[in-house]
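Below, each chain spelled out in residue letters.
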Amino acid sequence: MAAGPSSHGLPEASEAIGAGTLPVLPALRELLPRGGLARGSVVTVAEFGLLILALAAGASADGAWCGIAGVPEAGVLAAAGLGLDAERTLLVPDPGHAWPQVVASLLDGCELVLLRPPAQAPAQIRQRLEATLRRGRGVLLVAGDWPGAQVRLRVLTQGWTGLGDGHGRLRACCAQVMADGRGQAAVARTRWLWLPAEDGRVTVAEPADIPDLPAVRRLQVVGG
Amino acid sequence: MSAPEHRVMVLCCPGLSVPAQFDQVLTAVTSFCPAVEAVEPGVCAFGARGPARYFGGEAKLADRITAALADLGVESRAGVADGLFAAHLAARAAGPVLIVPPGRTAEFLARQPVSVLVSQDLAGQDLASLLNRLGLRTLGDLAALPAGDVASRFGAAGETVHRLARGLGSRPLAVRPTAEDLSVTQEFDPPEPLAEPVVFAAKALAERMHEGLAARGLTCVRVQVRAISADGRESRRLWRHDGLLSAAALADRVRWQLDGWRVPAAPADPAGDADTDGGIVVLRLVPDQVVHATGHQLALWGETVVSDRVARAAMRVQAMLGHEAVLRPVLGGGRDVSEQVSHVPFGEKREPRLAAEPPWPGRILGAAPAVVYPFAREADVTDEAGAAVTVTGRCVISAAPAWLAADGEPPLRITGWAGPWPLSERWWDPVAARRRARFQLLTGDGRAWLAAVQDGRWLVEAGYW
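Here the structure is a predicted model, which means the values were calculated and not measured.

*Asks:* Please explain the overall build of chain B as it appears in this structure.
*Replies:* Counting its secondary structure elements, chain B contains 12 helices and 17 strands. Going through the 465 residues of chain B one by one, you find that 49% of them count as buried. When contacts within chain B are restricted to residue pairs at least 6 apart in sequence, long-range pairs at least 24 apart make up 57% of them. Of the roughly 21400 Å² of accessible surface on chain B, 55% is carried by carbon and sulfur atoms.

*Asks:* Could you clarify how one ought to interpret the interface of chain B and chain A in this entry?
*Replies:* A common way to express how large an interface is: the accessible area buried when the components associate. Counting residues at the interface gives 54 residues for chain B, matched by 53 residues for chain A. Carbon and sulfur atoms make up 63% of the area that chain B and chain A hide from each other, which totals about 4500 Å². Counting every contact that joins chain B to chain A gives 1 salt bridge. The shortest N-O distance in the salt bridge between Glu47 of chain A and Arg447 of chain B comes to 3.6 Å. Scanning the region where chain B abuts chain A turns up 13 residue pairs in polar contact (both at pLDDT 80 or more). Those elements that provide at least two residues to the side of chain B that touches chain A are α9 (195-215), α12 (308-321), β10 (327-331), β11 (341-345), β12 (371-382), β14 (412-425) and β15 (434-443) of chain B. Per element, the largest residue contribution to the side of chain B that touches chain A is 9 residues, and it comes from α12 of chain B.

*Asks:* Would you explain the nonpolar core in this entry?
*Replies:* In globular proteins that are soluble, nonpolar side chains generally tend to be buried together. Counting 83 residues, the largest nonpolar core has Leu37, Leu55 and Leu153 of chain A as the members making the most contacts within it. Per element, the largest residue contribution to this core is 9 residues, and it comes from helix α2 (residues 50-61) of chain A. If sequence neighbours within four positions are ignored, Leu37 of chain A has contacts with Gly20, Thr21, Leu22, Val24, Leu32, Val43, Leu55, Leu112, Val139 and Leu141 of chain A. Ranked by size, the runner-up nonpolar core spans 49 residues in total, among them Leu182, Val223, Leu258 and Leu285 of chain B.

*Asks:* Sorry if this is basic, but what is going on with the pattern of salt bridges here?
*Replies:* Where charged atoms from two side chains of opposite charge come close, those side chains can pair. Counted by the stated rule, this structure contains 22 salt bridges over all chains. The shortest N-O distance in the salt bridge between Arg116 of chain A and Glu73 of chain A comes to 3.0 Å. With Arg116 of chain A in the loop between β6 (112-115) and α5 (123-135) and Glu73 of chain A in the loop between β4 (66-69) and α3 (76-82), the pair connects residues that are 43 residues apart, well separated along the chain. Connected through salt bridges with shared partners, the residues Asp336, Arg436, Arg438 and Glu461 of chain B form a single ionic network.

*Asks:* Even after reading the chapter, I still don't get the pairing of β12 of chain B, so can you show me in this structure?
*Replies:* Walk down a regular strand and you will see the side chains alternate between the two sheet faces. Residues and elements named next belong to chain B. Across 5 bridges, the pairing between β12 and strand β17 (residues 457-464) is antiparallel. In the strand pairing of β17, Ala379 is matched with Trp458. With 4 bridges connecting them, β12 and strand β13 (residues 403-406) associate as antiparallel partners. Bridged to Ala379 within β13 is Ala406.

*Asks:* Is there a simple way to explain the packing of aromatic side chains in this structure?
*Replies:* Two aromatic rings, taken as a pair, are described by how far apart their centres are and by the angle between their planes. Residue and element names in this part refer to chain B. Scanning the model with the defined rule gives 6 aromatic pairs over all chains in all. Between the aromatic rings of Phe32 and Phe55, the centroid separation amounts to 5.4 Å while the plane-to-plane angle is 50°, which identifies the pairing as tilted. One end of the pair, Phe32, is in the loop between α1 (19-30) and β2 (37-40); the other, Phe55, is in helix α2 (residues 49-55), with 23 residues separating them in the sequence. Given the relative accessible area of 15%, Phe32 is considered buried. Take Phe55: its relative accessible area is 15%, and that puts it in the buried class.

*Asks:* What exactly am I supposed to notice about the packing of α9 of chain B against helix α10 (residues 247-261) of chain B here?
*Replies:* Each packed pair of helices is defined by two parameters, the angle between the axes and the distance between the axes. Residues and elements named next belong to chain B. Their axes nearest at 8 Å, the elements α9 and α10 cross at an angle of 140°. As far as their axial angle goes, α10 and α9 are oblique. Read as a crossing pair, α9 and α10 show a hand that is right-handed. Across the interface between the two elements, Ala195, Glu196, Val198, Val199, Ala202, Lys203, Ala206, Glu207, Met209 and His210 from α9 touch Ala247, Ala248, Leu250, Ala251, Val254, Arg255 and Leu258 from α10. Residue composition of the contact of α9 with α10, by class: 12 nonpolar, 1 polar and 4 charged.

*Asks:* For this particular structure, what's the right way to read the confidence of the model for chain A?
*Replies:* Residues with a pLDDT of 70 or more make up 86% of chain A, whose mean pLDDT is 86. Considering only residues more than four positions removed or in separate chains, one finds that residues 1-18 of chain A, a stretch of pLDDT under 50, has 22 contacts.

*Asks:* What am I meant to see in the side chain of Asp180 of chain A here?
*Replies:* Residue and element names in this part refer to chain A. Take Asp180: it is sitting in strand β9 (residues 168-181). We classify Asp180 as buried; its relative accessible area is 14%. The contacts of Asp180, once residues within four sequence positions are left out, are Gln150, Val151, Arg152, Ala185 and Ala188.

*Asks:* Could you clarify how one ought to interpret the packing of helix α4 (residues 99-109) of chain A against α5 of chain A in this entry?
*Replies:* Residues and elements named next belong to chain A. Contact geometry of α4 with α5 gives a least axis separation of 10 Å together with a crossing angle of 5°. Our classification of the angle between α4 and α5 gives roughly parallel. Here Trp99, Pro100, Val103, Ala104 and Leu107 of α4 come into contact with α5, specifically with Ile125, Leu129, Thr132 and Leu133.

*Asks:* Where do I start with the confidence of the model for chain B in this structure?
*Replies:* Residue and element names in this part refer to chain B. Within chain B, residue pLDDT values average 79, and 83% of them lie at 70 or more. Scored below 50 in pLDDT, residues 171-178 makes 20 contacts in the model with residues more than four places away or belonging to other chains. For residues 265-275, every residue scores under 50 in pLDDT, and the model assigns this stretch 6 contacts once sequence neighbours within four places are set aside.

What counts, and where the lines are drawn
Residues numbered from 1 in each chain as written. Chains lettered and ligands numbered in written order. Predicted model: local features only at pLDDT ≥ 70, side-chain atom pairs only at ≥ 80, totals over all residues. Heavy atoms only, no water. Helix = DSSP H or I, 4+ residues; strand = E, 2+ residues; numbered from the N terminus. Buried < 20%, exposed > 50% of the residue type's maximum accessible area, 1.4 Å probe, protein only. Contact = heavy atoms within 4.5 Å. Areas by Shrake-Rupley, 256 points an atom, 1.4 Å probe, with all protein chains shown as cover. Buried area = accessible area lost by both parts, 1.4 Å probe. Salt bridge = Lys/Arg side-chain N within 4 Å of Asp/Glu carboxyl O. Polar contact = N/O pair within 3.5 Å; in protein donor to acceptor, adjacent residues only side chain to side chain. Core = buried A, V, L, I, M, F, W, Y, C linked by side-chain atoms within 4.5 Å. Pairing = 2+ DSSP bridges. Phe/Tyr/Trp six-rings, centres within 6.5 Å; stacked < 30°, edge-to-face > 60°. Axes fitted to C-alpha atoms, helices over the stretch in contact; angles between N-to-C directions. Parallel < 35°, antiparallel > 145°, perpendicular 65-115°, else oblique. Left-handed = near helix turned anticlockwise from the far one by under 90°. Nonpolar A, V, L, I, M, F, W, Y, C, P; charged D, E, K, R; others polar. pLDDT = per-residue confidence, 0-100.

See below:
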């Protein structure tokens, strides 16, 4: 049965342009060594939240399918606000013990898979998934720790604006994001971002606009 | 009033252990009546009028068939009634033969509890429990309601069960001679020795068949599945369902049919891996009873945005973890962050629970939380003095909140807050009614939270970070 590729709407346009990377939102480009998510690589974010959703948003908006596994509390509304296309999102909230097979299957269909692995993912399983990843053209975004990751990001500090003492509402969040990793990514980069800005988009924060942030992010910095 | 349904006999063989045995059953029944339809594994049906006349009555026919099956070592029960649905129920209740006299089917059905509708995987489950809650205990209660009211309250599914309850077919059988060939075929080159890839192909094939039918405003309640093996043998089987045979349901039936037909090669076979039939070369689905579509199921097939590749991946995960394990989010209306996103199992119609259109006063504007807990977490919110912060019925707060401890975590200093925003939802429905006061809280670690007080308890519903 030869189903015509034209009858199905998976845009392949990004292949030609982006070559080896999946696009990210413009504000995030400077944090990543190649200005995008390198295909076949693992990118980690220390904790599940706005940052990892923002990382996925660029490729999703560009037409990639995104699978989200192991994150039952993923806020799709916020993700959609950042640019993730809910139409092209698959959720597997609870993959259980079969998570490696689930991720491998999702990587067959989706260019982008966002995973929160169990705390102690065995090295053997991780390496097997990395091999699967290299064979394909996908990107694995991990919320948490993944020792073999090419790029690691985390939020160092963040602060919300708009909320007072008994009044107001959350409007925007200014976050200091750091990226480091291996190879090209070895040099740590730090950027201030509005994540999100008042209009819901992700933008680079001008130094003058950065609010006074007394809060230092919790000290549960990931080792490795 | 449409014409009464013809007489149908259903045979149930509850004790079948292997699919191959069901194949023997079908072969045995074929000697009494050539046009046997498999309904599900262990259950088959056929029009009883002709054979009953030939064998001297429905009771005699049923006795002879159950006796013939007993000779095979198969215990069976037979039910005869007007229409497949009633006959199936009769067979399930039979011991071992139950014949509902012609014209008395409505009476028989009226005594059945509405829970029997669950087995009709239409909208079954929910509808049956809903009817029960509405005080409609039996099919008779349901049948007594005017058809128009049922249809307008419960939609196409309600219409279907109402027809069933009255002893009519689930759909008006507007059978038309299939002038055009609506069948779909998949060839396997090289022949496919394993069942699994064939079943996979069957799902895609079924989708193609439904697309072809839907384009003509049709759907089918009966499908013939034909499989041809490399050694030239052919398996033909009719499958029917009173609801709609979805692609997944049809793939299941292909699996059942192949399981029954292709006895696996004996392990003692010296040729080793050589399969007995050389593999499947052709799989063909022929829509057999075509009826006019009610328009409801079109959307099921209308989702062309999913590419084959994505569908395969999603279906493989569903095969591992179950149908409900792979979800597609749909943005809709509602006042709560958790309400505004519905999760629909992959392959089903993407439709939000609540429509996006009506204005939803009370919705919290501004940034949405990235973390939305599927079940709100218990929390303690205390004031500067360490006393629990309470909210009165008039939404007056006892003191400014100072500390937040979610679910046993160490308390976090609250550095900013807003609220309470009262929300009284669905006061007209005692089950769904909720009265809550919501807050946004900012904590010293830079994170923000969406919390609510409900029935005097603090709950953390979502997190902004």
